[in-house]
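Notes for the structure review
This is what each chain is made of:
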Amino acid sequence: MPIPTENVGSLPRPAKLQAAIADYDAGKISQAELKVEQDAACKDSIQRMEATGAPIISDGEQRASSFATYPLADTLAGTGLADNLAGDGQYFAIFTDGHHRQLPRLIGGPFRYKTYAADYLREAVKMADKPLKQAVIAPSMLYLLYPLEGEIEGYTREQFMEDLVDECEKDIRQCFEAGAKRVSIDFTEGRLACRNDPNNPWTGRKMLEQFIDLNNRVLDRFTAEERKNIGIHTCPGGDCDATHSADVDYAELLPSMFKMNAGYFLIQLASETDKERVYKLLGEHSREDANGVPQVCFIGVINPQNPRVETPEEVRDDILLASKYIPVERLGTTDDCGFSPFSIDVKPKHGSPDFARDVAFKKIESRVKGTQMASEELRVA
Ligand SMILES: [Zn+2]
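Right, let's walk through the structure included here. Not measured: the values here are computed from a predicted model.

The next thing to look at is the sheet that holds strand 10 (residues 331–335). Here we have six strands laid out as an open sheet, ordered 5-6-7-8-9-10, and parallel in their pairing. The two strands at the open ends of the sheet, each matched to only one other strand, are strand 5 (133–137) and strand 10. Put simply, the sheet's adjacent strands are angled 30° from each other on average, direction ignored. When strand 9 (residues 296–302) meets strand 10, the two strands line up parallel, connected through five bridges. Bridged to isoleucine 299 within strand 10 is threonine 333. Across the sheet, helix 12 (residues 353–377) lies against strand 9 and strand 10, angled at about 165° from strand 10, the strand it touches most.

With that settled, the discussion passes to the pairing of strand 6 (residues 182–186). Along strand 6, five of the five residues are buried, which leaves the element largely enclosed by surrounding structure. Burial along strand 6 is two-sided: Arg182, Ser184 and Asp186 and Val183 and Ile185, pointing in opposite directions, are all buried. Pairing between strand 5 and strand 6: five bridges, direction parallel. For valine 136, the partnering residue across the bridge sits in strand 6 and is isoleucine 185. With four bridges joining them, strand 6 and strand 7 (residues 230–234) adopt parallel strand pairing. Residue serine 184 lies in a different strand from strand 7, and its bridge partner there is glycine 231.

Those residues of helix 9 (residues 250–257) that fall on the buried side of the exposure criterion are Tyr250, Leu253, Leu254, Ser256 and Met257. Next to the buried residues of helix 9 lie helix 6 (189–192), helix 7 (208–219), strand 7, strand 8 (264–267) and helix 10 (275–285). Where helix 9 begins, the side chain of aspartate 249 points an oxygen toward the backbone nitrogen of alanine 251, at a separation of 2.8 Å.

Where helix 10 contacts helix 11 (residues 312–322), the two axes come as close as 9 Å, and the packing angle between them is 45°. In terms of their interaxial angle, helix 10 and helix 11 are classed as oblique. By crossing handedness, the relation of helix 10 to helix 11 is classed as right-handed. Seen from helix 10, the contacting residues are Lys275, Glu276 and Tyr279; seen from helix 11, they are Asp318, Leu321 and Ala322.

This paragraph deals with the packing of aromatic side chains. Overall, the coordinates contain 14 aromatic pairs when judged by the stated rule. Measuring from ring centre to ring centre gives 5.9 Å for phenylalanine 111 and tyrosine 113, while their planes differ by 80°; the resulting arrangement is edge-to-face. Like tyrosine 113, phenylalanine 111 is buried. Between tyrosine 155 and phenylalanine 160, the ring centres sit 6.3 Å apart and the planes meet at 70°, which makes this aromatic pair edge-to-face. Pair check on accessibility: tyrosine 155 and phenylalanine 160 agree, each one buried. Grouping aromatic residues by their ring pairs yields a cluster made of Phe111, Tyr113, Tyr116, Tyr143, Tyr146, Tyr155 and Phe160. The lysine or arginine in question, arginine 182, covers the ring of tyrosine 264, its NZ or CZ lying 3.7 Å from the ring centre. A cation over a ring is seen here: arginine 191 above tyrosine 250, with NZ or CZ 4.1 Å from the ring centre.

A separate point is the pairing of strand 7. Of all five residues making up strand 7, five are buried, and the element is well covered by its neighbours. As defined by bridge partners, strand 7 adjoins strand 8 across four bridges and the pair is classed as parallel. Bridging from a neighbouring strand, threonine 234 pairs with isoleucine 267 of strand 8. Note that the unit made of strand 7, helix 9 and strand 8 has a crossover that is right-handed.

Here we take up the nonpolar core. Ranked by size, the top nonpolar core spans 100 residues in total, and within it Phe111, Phe160, Phe187, Leu282 and Ile299 carry the most contacts. Per element, the largest residue contribution to this core is seven residues, and it comes from helix 5 (residues 157–177). If we skip the residues at most four places from it in the chain, phenylalanine 187 touches Ala138, Ser140, Leu208, Phe211, Ile212, Asn215, Ile232, His233, Thr234, Leu253, Met257 and Met260. Within the second largest apolar cluster, six residues are counted, among which are Leu17, Ala20, Ile21 and Tyr24.

Here is what the cut-offs are and how they apply
Residues numbered from 1 in each chain as written. Predicted model: local features only at pLDDT ≥ 70, side-chain atom pairs only at ≥ 80, totals over all residues. Heavy atoms only, no water. Pairing = 2+ DSSP bridges. Helix = DSSP H or I, 4+ residues; strand = E, 2+ residues; numbered from the N terminus. Axes fitted to C-alpha atoms, helices over the stretch in contact; angles between N-to-C directions. Contact = heavy atoms within 4.5 Å. Buried < 20%, exposed > 50% of the residue type's maximum accessible area, 1.4 Å probe, protein only. Polar contact = N/O pair within 3.5 Å; in protein donor to acceptor, adjacent residues only side chain to side chain. Parallel < 35°, antiparallel > 145°, perpendicular 65-115°, else oblique. Left-handed = near helix turned anticlockwise from the far one by under 90°. Phe/Tyr/Trp six-rings, centres within 6.5 Å; stacked < 30°, edge-to-face > 60°. Lys NZ or Arg CZ within 6 Å of the ring centre and 35° of its normal. Right-handed = clockwise from strand over helix to strand, strands pointing away. Core = buried A, V, L, I, M, F, W, Y, C linked by side-chain atoms within 4.5 Å.

And the structure:
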């Protein structure tokens, strides 16, 4: 079997769509008018991703407010916030360029998603010829909706966690029912949990193990056969071409991360300074048997925050080096992150979101070609 390759999920929203979102927030256009632009952006994303030769694609998350807030609000500005939420929650990340992103705050129970990822996927399926993957948010990110200290009156932390696990399970199951071939869980908060940023209180509370346990509560509801196609994505964040936790040593995260009983991991690596050291860590800590499934390591070979397009030869060489440490049957390739996890992203290092889209498709094409070249060289094609 050739080395598998899979994207994380998102693409920059076209400038036209970002303008429509602003108009929707300002009350200038209706939700139906916004949907026209979302449909066009999804169709363009799917057709162009299919044209890269990628074996599995996504809709570029063109309808999602962000990878984390899609279940909770129609837009990043908070239009159409779900029940029992207020807009002023904690920061889920502060980025290297100084900007931050904020979560809503839970003010009562029960906790319910307003939108499931499958609501987007069902639209994408109609537009696609190739198999689709769908990214969903991790319970550990949405756990941060509950205040760090104390309890919400009438809704205990444990009641919230039970509702949260139910909702996350439902989000994943609905994706498979809607036709997803693979579902990956975005876990950007894992690496950030090791950072201890005094400006972002939750990061200093050593929550990583708690996050892992919570995510396993969801994963444990799936059979080994199902978990082969359920992945985890780790990265140091990606927004406006900046990161939030690239300074955290992978050695702090990886031993815990692989305790999650997922069948595959999409791992940022192209932008790491010492890739070989990380390949070695992946070989040491990924498990041959994670409660019935082998853990496949999809190494990042593309940096979505840098406009320079990697060559297929560079991709091939990364894989060949990684194959010294990770068994080839447990090796795959991916992009370091989504190309724009948040809907409003001007892609400053690229100059514009539209140009960044053109670059993204070229990068995906390089990933696909380079992975094919490595498969041939390793005689698994
Ligand atoms: Zn990411």
